[in-house]
Structures are given as structure tokens and as C-alpha cells.
Amino acid sequence: MSYLQTIPQYIKDYFKILEPDFPEWLEEYIETPAMLKQQHISMTCGVYYTKLFNCREWYSSLDHSIGVALIVWHFTHDKKQTLAGLFHDIATPVFKHCIDFLNGDYETQESTEDLTSEIIANSKEIQALLKRDGFTTADVDDYHKYPIADNDTPQLSADRLEYSMSNGAITYGVFDLAVVEELYNDLEVQKDEQGNDEISFKTKKCARKFVSQTSKLSIYYRNHACRYSMQLIADIVKGLNDDGLISRDDFYRLKESECIDIIKNSRFAKSWDIWTKATRVQASKEEPKEHYNIHHPGKVRYITPLVNGERINKICKIAQAAIDKNLAYDQDFYVYIPKIKEL
């Protein structure tokens, strides 16, 4: 049974919105071992496992990658760009961007992308498919060169569009699939200020709604509980590595469930248990030195999409206010859970 046959109906319904006519040629690439390992990694960077967040449904890194590929295909019908979208997170490790936190890259969160080319080049299954289809690794290992797939913040790309819609409708329940369908059907490819293609809105109404919803999500991604959780996981994983219980290669080999089993049988078991059961974190301007705490910013994510050639924040005060509120979120706090004294 193929992966696409095993996914829950809510994901099937979502994918149907992104591309009603699923490109069958893409399935063989999805079924490669290098891609299938991504099904065991949550898109939530580990916060799926704590009560600090009310994550409604499981949504994997593989689901996200397929979603990005479907969006790129929908707007381009270009196989190279679509495959670049599919492969863009092929180097994602367990707990996703928590490993960026481990690497000290908590503001750009791109350190784990370095292995993308290597993983694609070393997959005999992917290489056979690329050769058959007349592509090279260089054609598909860098989605940054395809502006529909990826571009600079705060523009709208397939990657940002996908995680915004799946996080909103599936993971956090900020809106539902009816809203996804409404917004998605209002999109088309337009030219940005530099003359590059960009996924853009046809109407001010939908662009405003999109900004309003994604601005809420943007705070989720760097709020106190999220920053604390990602650094906690990063420090635990580093500790496991220091203790010889897990190697850096294991970050890319293990399932998250397997890594969690190792944590539960380590010196970090009590702290992990407290974190998973916690429902709130504490934040202070003064350092609580008696507690394990974090004090650094997270990546600032925001989107100002185009509407018929103009940025929505330039033509809509409501959208600008939502963006301003998002950007004003104060991260300058020490964050801690009182029961966790140290790791």
C-alpha cells in the first residue's frame, strides 16, 4: 500500500484542494526511502508532544513536502520546480527546527538544509528516477532558485503558503478547510516588484483574511512556549549526544518515536515528562537562576502577499495592523517551567 493510500482523510481532502488532479508521476518519488522517512517527523518541531500546545492532528514533514510540491505543480506544471519543492525538506532531522536551535541557528533556522544535495545524490532510488526523467541533482536540490517554491520573507511562496494553511486548518485549528479552499481559489501567479513570479491574491478581501490568520500563526511559531520547547528539546538531544546515547547521524535516521524512547530511558526522563504534561510556561524579565530557562528570540515569520501587483499592507490598514501586532510580539523574556530546575 502506498503512502498516499495510508494518510488520513483530512489530509486527502486538503491535498485535493491544493491539486484536484494529483500528478501520478510524483508518487514514485514520494515512495523512495529518503522521502518516506519524513513521515515520522512532526511539522510542529516537537511541540506536538506537549500539552502546552493543543495540536489537533498529526501532520508530518512528508505531508508538508507533498503539499509544497502540489502547490508548485498547480501553479507551474513544471516537474523540476515541483521536485525541488518535494525535496526541500529531505534533510529534515528529528524534531525539525529544534536541531537548528541545537546549532545556535534559532533566528534563521536553515542550518539543517546543508545536507539536501548529499541526501538526494546518495539516494539510488531518487537518482534512478531523475536519470529516467532527464534531470540532475542540481536541477532539484535547491528550491530557493525557483521563486514560486521559495522566495525572501515577507513574500508568499509555496513553502510559506503550505505550512500556513496546514498549520491553520489541520494542526492548530485556527480555521478550517473551507477557508483554505476560499483563499486558495483566489490565488494566481503575478509578477513581483523585481519582475519575478509570485503566488498572489486576486482580491483584497482574501489577502486581508490570509494576513489576519497567518499573523496569529506567526506568533505561535515564536511564542514563549514554543521557544522554550524547541530549546529544551535541543538541549536534551545535545545531552543524549554528549552521553553517547545518540549520534548526529541518528538525527537523520531515527523516527521521532524512537528518539523519545531513548529520552524516556535517559537522565532527561523526568524533565521530559514534566514538559509533556505542562499546560503553561512562566515568563520573567529577571533571570530565574534556580530554574532551567531560555532567553533568546525565535525566527520572525510574516507574509505580505501581493494583490494585483500591490502589497496588501500598502493598500489595507487592517492588514498592516495585523502585521504590526505580529512584529511587536515581545520575546525579551526569560522563559521557564517551575518544576524543571535543570537538565
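Just so we're clear, the structure is a prediction, and the values are computed from it rather than from any experiment. (Residues numbered from 1 in each chain as written. Predicted model: local features only at pLDDT ≥ 70, side-chain atom pairs only at ≥ 80, totals over all residues. Heavy atoms only, no water.)

Draft legend 1. View of the environment of glycine 309. Inspection of the secondary structure assignment puts glycine 309 in the loop between strand E5 (306-307) and strand E6 (310-311). C-alpha of glycine 309 to C-alpha of tyrosine 228: the two residues are 81 residues apart in sequence and 39 Å apart in space. (Helix = DSSP H or I, 4+ residues; strand = E, 2+ residues; numbered from the N terminus.)

Draft legend 2. How the structure looks around the sheet that holds strand E4 (residues 293-294). The three strands lie next to each other as E3-E7-E4, forming an open sheet whose pairing is antiparallel. Only two strands of the sheet have a single neighbouring strand rather than two, namely strand E3 (282-284) and E4. Inspection of the sheet shows E4 paired to strand E7 (residues 334-336) by two bridges, in the antiparallel sense. Each residue of the ladder has a partner; that of isoleucine 294, found in E7, is valine 335. (Pairing = 2+ DSSP bridges.)

Draft legend 3. Inspection of the nonpolar core at higher detail. With 110 residues, the main nonpolar core has Phe15, Leu83, Leu86, Phe87, Phe95 and Tyr228 as its most contacted residues. Counting residues per element, this core draws most heavily on helix H14 (residues 224-242), which supplies 10 residues. Among all residues touching tyrosine 228, those that are not within four sequence positions of it are Trp275, Val281, Tyr292, Ile294, Val335, Tyr336, Ile337 and Ile340. (Core = buried A, V, L, I, M, F, W, Y, C linked by side-chain atoms within 4.5 Å. Buried < 20%, exposed > 50% of the residue type's maximum accessible area, 1.4 Å probe, protein only. Contact = heavy atoms within 4.5 Å.)

Draft legend 4. Structural detail: the state of the cysteines. Evaluated as defined, the whole model comprises zero disulfides. Of all cysteine sulfurs, the one in cysteine 226 lies closest to cysteine 55, which takes part in no disulfide; the gap is 9.4 Å. The buried category is assigned to cysteine 55, whose relative accessible area is 15%. Left without a disulfide partner, cysteine 259 is nearest to the cysteine sulfur of cysteine 98, which lies 10 Å away. The buried category is assigned to cysteine 259, whose relative accessible area is 0%. (Disulfide = S-S within 2.5 Å.)

Draft legend 5. Quick peek at the pattern of salt bridges. Counted by the stated rule, this structure contains 13 salt bridges. Where glutamate 28 meets arginine 132, a salt bridge forms, and the shortest distance between an N and an O atom there is 2.9 Å. You can see glutamate 28 sitting in helix H3 (residues 27-30) and its partner arginine 132 sitting in helix H9 (residues 124-133), a full 104 residues away along the chain. The shortest N-O distance in the salt bridge between arginine 132 and aspartate 133 comes to 3.0 Å. (Salt bridge = Lys/Arg side-chain N within 4 Å of Asp/Glu carboxyl O.)

Draft legend 6. The environment of isoleucine 199, seen in detail. Tracing the backbone shows isoleucine 199 in strand E2 (residues 197-201). For isoleucine 199 and aspartate 21, which are 178 residues apart along the polypeptide, the C-alpha to C-alpha distance reads 19 Å. Residues contacting isoleucine 199, with those up to four places away along its chain left out, are Ile71, Phe75, Ile148, Leu156, Ser157, Ala158, Leu161, Leu187 and Glu188.

Draft legend 7. The arrangement of the packing of aromatic side chains in detail. Applying the stated rule across the entire model yields 16 aromatic pairs. For the pair tryptophan 25 and tryptophan 73, a centre-to-centre distance of 5.3 Å together with 65° between the ring planes defines the contact as edge-to-face. Here tryptophan 73 lies in helix H5 (residues 61-76) and tryptophan 25 lies in the loop between helix H2 (9-18) and H3, a separation of 48 residues in the sequence. You'll find tryptophan 25 and tryptophan 73 in the same group, each marked buried. Ring centres 6.3 Å apart and planes at 50° place the aromatic pair phenylalanine 95 and tryptophan 272 in the tilted group. Of the two residues, phenylalanine 95 is situated in the loop between helix H6 (79-87) and helix H7 (98-102) and tryptophan 272 in helix H16 (residues 269-277); the sequence distance between them amounts to 177 residues. Here phenylalanine 95 matches tryptophan 272 in class, with each residue buried. For arginine 301, the ring lying beneath its charged end belongs to tyrosine 221, and the centroid distance is 5.9 Å. (Phe/Tyr/Trp six-rings, centres within 6.5 Å; stacked < 30°, edge-to-face > 60°. Lys NZ or Arg CZ within 6 Å of the ring centre and 35° of its normal.)

Draft legend 8. Layout of H9. Among the residues of H9, those classed as buried are Ile126, Leu129 and Leu130. All buried residues of H9 fall inside an arc of 100° around its axis, so they share one side. Of the residues in H9, the exposed ones pointing more than 90 degrees away from the buried face are Lys124 and Lys131. In this structure, the buried side of H9 is in contact with H3, helix H4 (33-36), H6, helix H8 (116-122) and helix H10 (137-140). Taken from the residues just after H9, glycine 134 is the one with a positive phi, measuring 80°. (Arc of directions from axis to C-beta.)

Draft legend 9. Geometry of the environment of glutamine 331. Assignment of secondary structure puts glutamine 331 in the loop between helix H18 (317-327) and E7. On the basis of relative accessible area, glutamine 331 is assigned to the buried category, the value being 12%. When sequence neighbours within four positions are dropped, the list of residues in contact with glutamine 331 reads Arg222, Arg227, Pro297, Gly298 and Val300. A polar side-chain atom of glutamine 331 sits 2.6 Å from the main-chain amide nitrogen of glycine 298. (Polar contact = N/O pair within 3.5 Å; in protein donor to acceptor, adjacent residues only side chain to side chain.)

By themselves, these observations are geometric and do not establish any function.
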